[in-house]
Amino acid sequence: MIDPVVLKGFRDSLPSEEIPKKNIERRLEKVFETFGFVPIDTPVLEYESVLLGKGGGETDKQIFHFEDNGGRKVAMRFDLTVPFARFLALHQSELPIPFKRYHIAKAWRGENPQKGRYREFIQCDFDIVGVDSAEADFEILSLMYSSFRTLGISGITFHVASRSLFNDFLDTIGLYEKSIEVLRAVDKLRKIGRDEVRNMLLEITADEEKSDKIISYITSGENKGFLETLDALTALIGKETESSERMRKIHSYLRETGIDSYFVYDPSITRGLDYYTGIVYETFLNDFEKIGSVCSGGRYNNLASLYTKEVLPGVGASIGLDRLLAALTELKSPLVKESRSANVLILYRSEEKELAVKTAFSLREKGLSTDMYLLPEKKIKAQYDYAAKLAIPYALSFRDGKYAVKNLLSRESVEVESIDGVIEICR
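We now turn to the structure provided with this report. (Residues numbered from 1 in each chain as written. Predicted model: local features only at pLDDT ≥ 70, side-chain atom pairs only at ≥ 80, totals over all residues. Heavy atoms only, no water.)

Overview of the overall build of the chain
Turning to step 1, where the next piece is worked out: If you tally the helices and strands in the chain, you get 16 helices and 16 strands.
Turning to step 2, where the next piece is worked out: Overall size of the chain, expressed as C-alpha extent along the three principal axes, is 85 × 55 × 45 Å.
Turning to step 3, where the next piece is worked out: Counting only contacts in the chain whose residues sit at least 6 apart along the sequence, the fraction spanning at least 24 positions is 68%.
Turning to step 4, where the next piece is worked out: Per element, the accessible surface of the chain, about 21300 Å² overall, is 49% carbon and sulfur.
Turning to step 5, where the next piece is worked out: Computing the positive centroid from 59 side-chain charges and the negative centroid from 66, the chain places the two 5 Å apart. (Helix = DSSP H or I, 4+ residues; strand = E, 2+ residues; numbered from the N terminus. Contact = heavy atoms within 4.5 Å. Areas by Shrake-Rupley, 256 points an atom, 1.4 Å probe, with all protein chains shown as cover. Lys, Arg positive; Asp, Glu negative; His and termini not counted. Charge placed at Lys NZ, Arg CZ, Asp CG, Glu CD.)

Rendered as structure tokens:
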């Protein structure tokens, strides 16, 4: 016998877990399409050269890569953004520009598994490519807000910042050349704390004064409003810059649309991936911040240039579906309880097979999700257990030429004479 084990960091998904996941995906697809975004797909495997070196040193260590049967060096995608950049370079002549896409699919990273974080995970990405403007940046922020609103999640805060504004600051204190190392260190603030980040900065800068200035910058947003934080940052830089003006414009759109209360300026947000160049953001559930960001992203203006000479600036975000589901499960959200496989289960005796088949067909034709219990010889307890495991709320049986519809929670039954009567009850 082969031991039916699953690799560390990977997992099976039972119907009670997969049904809520699919329901969330369908809701997100609807809101993406409301914004005019279109779906795409890319392969799981890419040539190693397409993926390695695109996310940064930490990410390269986590990529699954190997030689295939033809001796080619290949790798499994670690996110959906880098393959999208390759996709754009290959298909740009076939696509409208600006191009707005969404992509819901799996990615893989060989990191340490923990609650809500696995080596195989689902990302829900949405991006706008071909335009570099405050309006495009706001469009993604607005879609982030609408996505969580569509899911019925209101206790949420979007933390935004600007990598380019941080670079303006680093240039001011003479550390622009070390920006990547500094940004990677700052990105660990939530994980390791201020003191450890300062120690890392000392190793990078070999300068206590400059390290303290960086700490002052990344903590400038504590207990301050969005614009108040921006004012503090521009004061540290010594002037308004193109990046600060961009962030002020974005905030004006947030305010004009009435969603600004959900957004805070958090200078400590830098994102760990190297390809971000402008606005960056992370999203936290107010009642469960410790699980980490459930939606992250930012502007990446140079990523596509690795594969094409065309200038294709981009901005986008990604909802980490597995982490979001883990958090919603912990918070006992109604979203994770939506695990029914059908609205009604038809129970029948062996001599009623033809009637059961015909009834199921009629109900489905009228749009009612209908299951048939295909082992009519089983005892009634087994049939009810089947319905319970699939969270089916109603059972239908046949009684003297009528349809008997039973609520499986209250155990109350109602007899009706028509298919339409069954549908009215079950809906």
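Quick look at the sheet that holds strand S16 (residues 413-416)
Turning to step 1, where the next piece is worked out: Spatial strand order, S13-S12-S14-S15-S16: 5 strands in an open sheet with mixed pairing. Single-partner strands in this sheet number two, and they are strand S13 (370-372) and S16. Within the sheet, the average angular offset between the axes of one strand and its neighbour, ignoring direction, is 30°.
Turning to step 2, where the next piece is worked out: By the bridge criterion, 4 bridges tie strand S15 (residues 402-407) to S16 in an arrangement that is antiparallel. Looking across to S16, one finds that Tyr 403 is bridged to Val 416.
Turning to step 3, where the next piece is worked out: Relative to the sheet, helix H14 (residues 353-365) contacts strand S12 (344-346), S13, strand S14 (394-399) and S15, its axis offset from that of S13 by approximately 165°. (Pairing = 2+ DSSP bridges. Axes fitted to C-alpha atoms, helices over the stretch in contact; angles between N-to-C directions.)

Section: the packing of helix H1 (residues 15-34) against helix H5 (residues 134-150)
Turning to step 1, where the next piece is worked out: Contact geometry of H1 with H5 gives a least axis separation of 9 Å together with a crossing angle of 140°. Here H1 is positioned oblique relative to H5, judged by the angle of their axes. Pair H1 / H5 crosses with right-handed handedness. Between H1 and H5, the residues in contact are Arg 27, Leu 28, Val 31 and Phe 32 and Leu 143, Ser 146, Ser 147 and Thr 150, respectively. (Parallel < 35°, antiparallel > 145°, perpendicular 65-115°, else oblique. Left-handed = near helix turned anticlockwise from the far one by under 90°.)

Read these as spatial facts, not as claims about activity.
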